[in-house]
Structures are given as structure tokens and as C-alpha cells.
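Architecture at a glance
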Amino acid sequence: MSSEQGTLGSMMQTGRQTGEAINSISGGNGGSGGGHHAPAVGQGRKVQSLNPATGRLLAEFAAADAEEVHAAVVEARRAAPAWRALGPGGRARYLVKLKEALFKRRHDLAALITREAGKPRVESLLAEVLVALDGLDYLARHGPAFLEAESVPHQNLAVRFKRGRLEYEPYGVIGIISPSNYPFSIPMNQVGAALVAGNTVVLKPSEFTPQSGLAIHTIAEEAGLPAGVLNVVVGDAVTGAALVNSPIDKLVFTGSVATGKRIQAEAAERLLPTVLELGGKDPVIVCADADLELASSGVVWGAFTNAGQACLSAERVYVVREVADRFTKLCVDKTRRLRVGAGEDPDTEVGPLIRERQLKIVEEHVAEAAAAGAGILTGGRRAAPAGLEGFFYEPTILSGVHHGMRIMREETFGPVLPIMAVSDETEAVRLANDSHFGLSASIWTRDQRRGERLARGLESGSVMVNDCLSSFGIAEAPHGGFKLSGLGRTHSWVGLMEMARVKYIDVDLLPKVPKLWWYGYDTRAGRLMESFVDFLFAPGFWSRVYSGLGLLTRVPGRLRALRRPRE
Ligand code: NAD
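First, a word on scope: everything that follows refers to the structure included in this document. Source: prediction; values computed, not measured. In this convention, every chain numbers its residues from 1, walking through the sequence in written order. It should be noted that, the model being predicted, local features are given only for residues of pLDDT at least 70 and side-chain atom pairs only at 80 or more, the latter also being counted only at that level, while totals for whole chains, interfaces and linings use all residues. In computing side-chain values, all of the structure's heavy atoms are included and hydrogens and water are not.

**Thoughts on the site of the ligand**
Near, as used in this document, describes a residue that has one of its heavy atoms within 4 Å of the molecule or strand being considered. As a matter of local geometry, the ligand sits amid 30 residues, with Glu207, Ser256, Leu278, Glu411 and His479 nearest to it. Within 3.5 Å is the distance limit for a polar contact, defined as a pair of N or O atoms, with the added protein rule that one can donate a hydrogen and the other accept it, and that residues adjacent in sequence qualify only through two side-chain atoms. The side chain of Glu207 places a nitrogen or oxygen atom 2.6 Å from an oxygen atom of the ligand. Backbone polar atom of Gly255 to an oxygen atom of the ligand: 3.3 Å apart, as the coordinates give it. Only the protein chains shown count as cover for residues, with accessible areas throughout obtained via the Shrake-Rupley method and a probe of 1.4 Å. In isolation the ligand exposes 850 Å². Once the protein is present, 91% of that is buried. The cavity that encloses the ligand is the largest pocket. Among the elements that take part in the shell around the ligand, helix H8 (residues 237-244) stands out by supplying three residues, more than any other. Of the residues assigned to the shell around the ligand, the class counts are twelve nonpolar, twelve polar and six charged. Cavities and pockets were defined on a 1 Å grid built over protein atoms only: a cavity is a set of grid points that admits a 1.4 Å probe from which the probe cannot escape, a pocket is an open set flanked by protein on both sides within 12 Å along at least five of seven lines, and lining residues are those with an atom within 4 Å of any such point. Any molecule with more than half of its atoms within 2 Å of a cavity's or pocket's grid points is regarded as sitting in that cavity or pocket. Helix and strand assignments follow DSSP, with helices taken as H or I runs no shorter than four residues and strands as E runs no shorter than two, numbered in order from the N terminus. Under the convention adopted here, Pro, Cys and the residues Ala, Val, Leu, Ile, Met, Phe, Trp and Tyr are nonpolar, Asp, Glu, Lys and Arg are charged, and Gly plus all remaining residues are polar.

The following block contains the structure:
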């Protein structure tokens, strides 16, 4: 589908939207930004944008089918050569334009994300808009330097007269599949990295947050991005599977472990390269010397921000026994004061979960823990803020938990903080590592060196000392996990390099000289090679001098032999 046919504008005319008015940021006329495939609602599969605070429908879209996904990939591939030809500097200038367009739309965008994903307005501005602005800024400033070709000096004398270079080439078309919890900043940062590295993109946002994904397309249009460079296909799991099976050159997936495994199995069929950013069960270690006032504030925020729906959420706490009661009481007091409500209310601190399905998982985890003996210190049931019928759950703290419970082993992805007292930091590290996940972790201590020492013992992709979660907003910090939490990295130069494939180019500086290792093997050639190996690696000084002399006497004869026509 061409960008004219498949524009946001045409979707806005034909797509059905009901309920609360949608924000103009996900609308606009199509054109320069490339295709976006959110076709008119018909009889087929649909995706719904709901306000999770009210449960009311904001907009409904038909899910793109395999044909439409394929067309988007074709469009992206058509746009790829011209985009690549701009070079890193030219592409970085477009990223600056994207950043400027995003800044202009920051308030519309924050309002849309709050409405569609439910998070408090402050969090939409901070964890979505600011993180995306900073990511684009970082990539525009530093991307071209990271992507510059590098010369490769050779250590071996045999190849000294060659010039080696590493070049970082785009893959071609990158497919990006996104989750609903950070529906803008996650794909925007990945899109930015893919684009500056010279790829074109087909993005499939979560079925729960299609408008936030479409907003990326709108911003690209407003930034004047060339047609076809960024394409958005709205849809569900079937649309995502069609993208995995389309002729993309690499896939960047963010979502659950279960989906990640399924995708990796599909990708293996044709060795499609992937980056998988998957789930977590991030541990928190509170040392005996921690500033408990500070630690409790940080951990409560880390557990309940975005209603606990962050991949880096504080999902389980190990606190050293001697301070466990004081720490737990502080957490409970601070949690009871949190204001639960709609994200649009400026005083709201905890919004709703994205859907009923997620609410049920949280209920199950808490009920199972309570049945197995856990204490519910606060929360533990659905919340019903006045006048709101959405998917709310009370911020909850559990005690008396152990690793036999799902609440300590599986990702809860909701506003629940189980706290477990441990005898010392060694036990805390052992329990923190007793997990299939390894995304991130946090350590709270007044002793920075202790913090760093404990961090080294944790099996996780990142560790924060005296803070949690905010590494996601540090553009220079690689983001990704160990173990089942994923493969590869996004963000930082490490994430940028995932968007490029490395090519090694070697140019011989003595093109008229035949190489000593070419055919024409005989006893003399064998002796020459022996001298050469000894000259380079024999342990004693004199044996190297001796073999060096042998080398000098044998090389001219070998070169003459190589130049003689063979019979
Ligand atoms: P999900 O796996 O259900 O869906 C994620 C995306 O995958 C959606 O766009 C969905 O439509 C698509 N999808 C589903 N099945 C598919 C299939 N078979 N083939 C292709 N695409 C398919 O995840 P979710 O519930 O939307 O997101 C929550 C999960 O994401 C949590 O586990 C969370 O920890 C994780 N997450 C990880 C990170 C990270 O950076 N590591 C960041 C955010 C969220």
C-alpha cells in the first residue's frame, strides 16, 4: 500500500471511533512520513483503544492482515536505498527534526498516552515524552560517530601490508513489535536507533495502545520524514506474527517471555536476527546500613509507578532482618498515602492496569500467596476510585512470602510489593539470583562500594545502587536482560549497534606481490612456514633470531617460485 493509500488520514475518515474523543496527535493527514496501515473497521479482527480508567472505548481499528503487513514491508524496502544514501549525518538531521516535532506535540502526546494507557500525566511526560526526546537527542548527537567506519590495524607481520576496516551497515528493514506499558518511548527509541543506523522500519504497536503507536507516525510526518521510511501497522498478535514472517531483515521485539519464545522459534526457521526485550522479576536488596527513609520512598515508587506495569518494576524485596520491620512499616505507611485514580487528575499517583486480563493475573498472584500464608499489610483487592469503572487495583504490600509462591517467581506486572526478610546480604543475593529472569535489580546501602560489590554478584542486565527503574531513562545505559529476560540490548551505543551489521573490508597494499601462503606447496614452502611460525612465537630470543635469518633467506626464493608459471 502506498503512503497516499494507506495514510493516517484515510484511516481517520473510514475507521470507526466511538466513545471519548481521541486526541488529534494520533490523527492528521498522511503523506511524507510513509505508510501507516490502520484500515477501516470491517468484519475482520479488531483492536480497541480503551481508556483503562473508565473502560470506555476511545477508538477501534481493523487489525492489519498479512497482505497489509507485507505491503508495508515492501514500502519500507522501496524507501531504504535513498534513506541509506543520506549517510549517518543526514539521517541524524532527521532525528533532530523528529525531536523538534515531538517537543511541539509534547502536551498532546502526554494527554493521549494518559488517556490510552492510564498512567498519571506526570509519568506520561517523564517516562514517555522526556525519555523519547532524550533518546532522539542522544542518537542524533552521537549516532554518526558510533557508526563511523573504524580502521583495523593488523598485529601479524604476514598481513601488515593490508588495510582493514570495519563498516557498520544497515540491515535494511527492521520490524519492531511493541508492548502497551510504555507505548510511546519504547518504540520511539527503537525507531530512532534503527533510522539513524540507516534502516527503514515497520512498527506494530500493542493492540491495547494503537493510538500511541500511530502518534509516532504523525510525528514522523510532521518532521517531514521521507515517505516509506517509517510504517506503522495496527493490529493484534496475528498482525505481529505476520510481521515476524514477512521479509524483514531484523526484528526488535519487546513483550512477554511467552511471546518472545514463540517469536524466536519462528525466527529460527529462517535465521532472522532478533533483539528480545522480555519480562522481569526485578529484585530489590535493602542492606542493614540503608537509609530506610530514602530506600522506602524509592522502592514504593519503583513498585507502583505505572501501576507496577514496568518491565523494570520492583517486584520482590529482600531486606536484612534487623531493619525489616522498620523498612516494611515505612513502605506500608507511604503506600497507604498513594492516591489511586485516573491519570488525567493531576493528583493521581497510581493509575489503572491496562486491561481486565492483567487485573486477574494480579488477583490470582495475591490470592495464591495469601492462601499459602502471606500477610496482606495493605491493599489486596480491586480499587474503585469515585466515578471510575476501570481496571484499578489497590497498591499492595505482602509479608511472610517465600520462593514457593508465584508472587516471588513469576512476573506479576501489577501494583504488588512482596517483602521478604533475609538473614544477610549473601542470602539476599542468592535469592535474587534464584530466578529465571535477570532484567534489572536495585541495591540500597549507604556504602557505595558495598553496593557495587553486591551488584557484581547479581545475574541481571543492569543494577542500580540507591535508585531503581530510572536506568530506562538514561540514554547512555544499555537496556536488556540476562537469562529469560531477553537477548541483545536496546538504548545506548550497544543498542545502536544492534541496528547495524558489521562488514569487514580488507584492501591489500602490495597488490603486485603474490602471497606467501598461496599454492605451490613443497618442502621449501614448508620450511619457510616453519621459520615464520618460529620467528613469531618461539620463546627464546636466539631461536627467533635464527628463524628470522632463515625467513630472510627463504622469502625471495618463495616469491620467485610463486611468480613462475606452474606446469
Ligand atoms: P505481549 O507479549 O502480550 O505482547 C507484546 C506485543 O507482541 C504486542 O504488540 C502483541 O500484539 C505482540 N504479539 C503477541 N503475540 C505475538 C506473536 N505470536 N507474534 C508476534 N507478535 C505477537 O506483552 P504485553 O503484555 O503487551 O507486555 C508486557 C510484557 O512486556 C511484560 O512481560 C513486560 O515485562 C515486557 N516488557 C519488557 C520490556 C523490556 O524492555 N525488557 C519493556 C516493556 C515490557
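**A word on the pattern of salt bridges**
Any carboxyl oxygen of Asp or Glu within 4 Å of a side-chain nitrogen of Lys or Arg constitutes a salt bridge here. Enumeration according to the criterion identifies 32 salt bridges in this entry. Asp108 is the salt-bridge partner of Arg105, the closest N and O atoms lying 2.7 Å from each other. A relative accessible area of 28% means that Asp108 is categorised as partly exposed. Across the pair Arg339 and Glu349 runs a salt bridge, and its minimum N-O distance is 3.8 Å. Note that Arg339 is positioned in the loop between helix H11 (321-336) and helix H12 (356-371) and Glu349 in the loop between H11 and H12, a separation of ten residues in sequence. What makes Arg339 partly exposed here is its relative accessible area of 44%. For every residue, the accessible area obtained with a 1.4 Å probe (protein chains only) is divided by the maximum for its type, and the residue is called buried under 20%, exposed over 50%, and partly exposed between those limits. Accessibility expressed as a relative area gives 32% for Glu349, which makes it partly exposed. Through salt bridges with shared partners, a single ionic network connects Glu356, Lys360, Glu363 and Arg382.

Bear in mind that shape data such as this cannot, by itself, settle questions of function.
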